[in-house]
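What follows is the residue order along each chain.
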Amino acid sequence: MLGPTVESVYNVLMGYSVFWGRWTRAHMGLYGNRTTLSPTWSADAHVTRAYLTNGLTVLLREIHTAPVVSVWMWYRVGSRNESYGKTGISHWVEHMQFKGTEKYPAGAYDRLISRVGGVFNAMTWMDYTAYFQTLPASQVDLALDIEADRMVNSVFDPVEVERERTVILSERSMNENRPTFLLTEEVQNTAIKAHPYHHEVIGWPSDLRTMTRDDLYEHYRTYYTPNNAVLVITGDFYTLDMVERVKRYFAHLEPRPVPRLSITAEPPQRGERRVLLKGGGDTHYVQVAFHAVEATHEDFFPMVVLDAILGGAKSFGGGGTSNRSSRLYKRLVATGLAADAGSWVGPTIDPYLWWFDFTVNEGHTPEEVEKAFWEEIERVCEEPVSPHELEKTRKQVRAHFVYGSESITNQARWLGFSEVVASQQWLDSYLDRIEAVTEQDVQRVACAYLRRDQATVGWYVAVR
């Protein structure tokens with residue numbers, strides 16, 4: 001679900017990032033901590049961590065720069081939790097969360113939040129589903145009441161279920177009109193064979209056609225429970241008052257058992273895999289995917305730095321600025337082989353993929369682009385990066401990290417994301433661990449992970 005943006009630096013895409021704490025006993029019915037954040041944040045930046053007795057995790061951060069609050073509710077459920085026959089169910093349930101409760105019928109959220117000058121949105125990804133409202137601080141009770149109500153009272157009206165089935169199948173069909181979606185899906189399905197990261201978040205069309213209202217409601221009742229949720233609030237409030245407000249809206253909600261998730265580990269890849277798609281259009285595309293590591297792995301931060309060297313530094317929540325100083329841009333775009341060159345490696349709960357993608361320029365072939373790509377990979381494996389290039393890249397990564405977490409909305413987003421995907425300690429040490437990456441780390445990671453026998457290569461060849 002998409003809504004308009006509220007802050008000039010806010011950019012909501014499918015997402016990633018960070019934050020943290022320590023233990024002390026806090027308030028009646030809540031148990032938690034307060035801790036100073038990384039020096040990236042202002043000197044008085046504190047996060048209060050608390051738990052309601054029903055298991056709801058609460059993270060609060062006062063930011064008195066504007067009379068605004070951002071309220072995020074995160075659920076530990078995404079496509080990672082889905083089984084065959086029910087792929088796409090987490091995303092569909094997210095849609096249904098906007099279709100009403102008895103208290104807030106369909107359309108009420110839009111009307112009420114817009115009327116007070118706020119914005120709202122939601123997103124489903126592999127590792128989570130999240131909802132947010134950013135609105136005037138005086139209206140925070142509206143956001144808290146909405147989230148508490150739809151955690152337990154969404155009605156899943158059968159008529160609305162069928163309407164959303166049509167909407168999501170149409171969304172899927174629109175995606176299939178884009179060659180890059182088709183290629184990404186084929187590469188992902190080929191690179192990941194056993195782990196549930198194998199399928200797209202939107203799910204397979206056959207599952208979307210056959211899932212029932214009862215399937216959706218069961219998924220909702222299984223995972224939308226306070227002991228499987230993280231509530232994050234940032235902005236212009238006082239913590240003790242907000243603690244009482246949170247208790248008022250959420251403390252009475254009953255927890256429910258959440259099933260233990262049994263994940264099939266991805267088996268080792270035993271050689272290069274290739275995908276060739278042919279379709280309409282005038283443009284060829286090339287994608288190469290390697291197996292990456294989970295966010296908490298010691299090699300994740302060297303991967304982030306190497307990814308920035310090759311494809312440019314990025315903000316986890318909203319892309320990057322110009323990547324013209326990156327190696328792949330210089331090698332493929334500046335020389336005219338490709339119209340565009342990009343890369344992405346991001347934090348996930350389990351090992352996912354490290355992506356490289358290229359738009360082939362007219363007059364050139366996928367084979368030429370792939371050959372140039374492998375030459376750059378071989379170079380970074382064989383020749384250590386210079387201290388100058390490494391320091392420049394680390395500065396770019398740091399700058400994107402800070403820029404991507406400036407706004408009140410994004411700070412709430414990073415707090416919740418890190419709590420679900422990694423840990424608060426992971427975020428607290430993020431910049432220090434980027435700074436600690438050495439030339440040897442970059443070369444080691446390049447040689448260990450960017451190997452031909454660990455690659456899944458995809459070509460989309462336009463048939464004119």
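Above: the structure in question.
Here is what the cut-offs are and how they apply
- Residues numbered from 1 in each chain as written.
- Predicted model: local features only at pLDDT ≥ 70, side-chain atom pairs only at ≥ 80, totals over all residues.
- Heavy atoms only, no water.
- 1 Å grid on protein atoms, 1.4 Å probe; cavity = no way out; pocket = protein on both sides within 12 Å on 5 of 7 lines; lining within 4 Å.
- Points joined across faces, edges and corners; volume = space filled by probe spheres on them.
- Nonpolar A, V, L, I, M, F, W, Y, C, P; charged D, E, K, R; others polar.
- Buried < 20%, exposed > 50% of the residue type's maximum accessible area, 1.4 Å probe, protein only.
- Helix = DSSP H or I, 4+ residues; strand = E, 2+ residues; numbered from the N terminus.
- Pairing = 2+ DSSP bridges.
- Expected span 1.5 Å × (residues − 1).
- Contact = heavy atoms within 4.5 Å.
- Axes fitted to C-alpha atoms, helices over the stretch in contact; angles between N-to-C directions.
- Disulfide = S-S within 2.5 Å.
- Phe/Tyr/Trp six-rings, centres within 6.5 Å; stacked < 30°, edge-to-face > 60°.
- Lys NZ or Arg CZ within 6 Å of the ring centre and 35° of its normal.

Things to note about the layout of surface pockets
Now for step 1: As a volume, the second largest pocket reaches approximately 330 Å³.
Now for step 2: Contributing to the lining of the second largest pocket are 21 residues, with Glu266, His291, Ala292, Pro351 and Tyr352 lying nearest its centre.
Now for step 3: Within the lining of the second largest pocket, the residues separate by chemical class into 13 nonpolar, five polar and three charged.

Some points on the pairing of strand β13 (residues 455–462)
Now for step 1: Counting buried positions along β13 yields six of eight residues, so the element is predominantly enclosed.
Now for step 2: Here strand β10 (residues 285–291) runs beside β13; their pairing, made up of six bridges, is antiparallel. By the bridge assignment for β13, tyrosine 285 is matched with tyrosine 460.

A look at helix α5 (residues 179–191)
Every α-helical turn comprises 3.6 residues, leaving residues that sit three or four positions apart pointing alike.
Now for step 1: Helix length check: α5 (13 residues) gives 18 Å between terminal C-alpha atoms against 18 Å at 1.5 Å per residue, within 8%.
Now for step 2: Of the positions making up α5, those classed as buried are Pro179, Phe181, Leu183, Glu185, Val187, Gln188, Asn189, Thr190 and Ala191.
Now for step 3: The secondary structure elements touched by the buried residues of α5 are α4 (158–176), β9 (273–279), β10, β12 (353–360) and β13.

Looking at the sheet that holds β9
Now for step 1: Spatial strand order, β9-β13-β10-β12-β11: five strands in an open sheet with mixed pairing. Edge positions in the open sheet fall to β9 and β11 (338–344), since each of these has one partner strand only. Averaged over all pairs of adjacent strands, the angle between their axes in this sheet comes to 10 degrees, without regard to strand direction.
Now for step 2: Relative to β10, α5 is tilted by about 30 degrees, and along the sheet it contacts β9, β10, β12 and β13.

Some details on the state of the cysteines
Now for step 1: Applying the stated criterion across every chain, the model contains one disulfide.
Now for step 2: Residue cysteine 381 pairs covalently with cysteine 447 via a disulfide, S to S 2.0 Å. One quick way to see it: the torsion about the S-S bond of cysteine 381 and cysteine 447 is about 120 degrees, and its sign makes the bridge right-handed. Of this pair, cysteine 381 sits in helix α11 (residues 366–382) while cysteine 447 sits in helix α16 (residues 439–449), placing them 66 residues apart in sequence.

Observations concerning the packing of aromatic side chains
Now for step 1: Scanning the entire structure with this criterion turns up 33 aromatic pairs.
Now for step 2: Taking the centre distance of 4.9 Å and the plane angle of 65 degrees together, the rings of tryptophan 74 and tyrosine 128 count as edge-to-face. In this pair, tryptophan 74 is assigned in strand β5 (residues 68–75) and tyrosine 128 in the loop between β6 (119–124) and β7 (129–136), connecting sequence segments 54 residues apart.
Now for step 3: Residue tyrosine 128 is classed as buried on the basis of its relative accessible area of 0%.
Now for step 4: With centroids separated by 5.9 Å and ring planes inclined at 50 degrees, the aromatic side chains of tyrosine 104 and tyrosine 109 adopt a geometry described as tilted. Each member of the pair tyrosine 104 and tyrosine 109 is classed as buried.
Now for step 5: Here a set of aromatic residues connected by ring pairs shows up, and it is made of Tyr75, Phe98, Tyr104, Tyr109, Phe120, Tyr131, Phe156, Tyr217, Tyr220 and Tyr224.
Now for step 6: The ring of tyrosine 109 carries arginine 150 above its face, with NZ or CZ at 4.8 Å from the centroid.
Now for step 7: If you follow arginine 213 out to its NZ or CZ, it ends over the ring of tyrosine 217, 4.5 Å from the centre.

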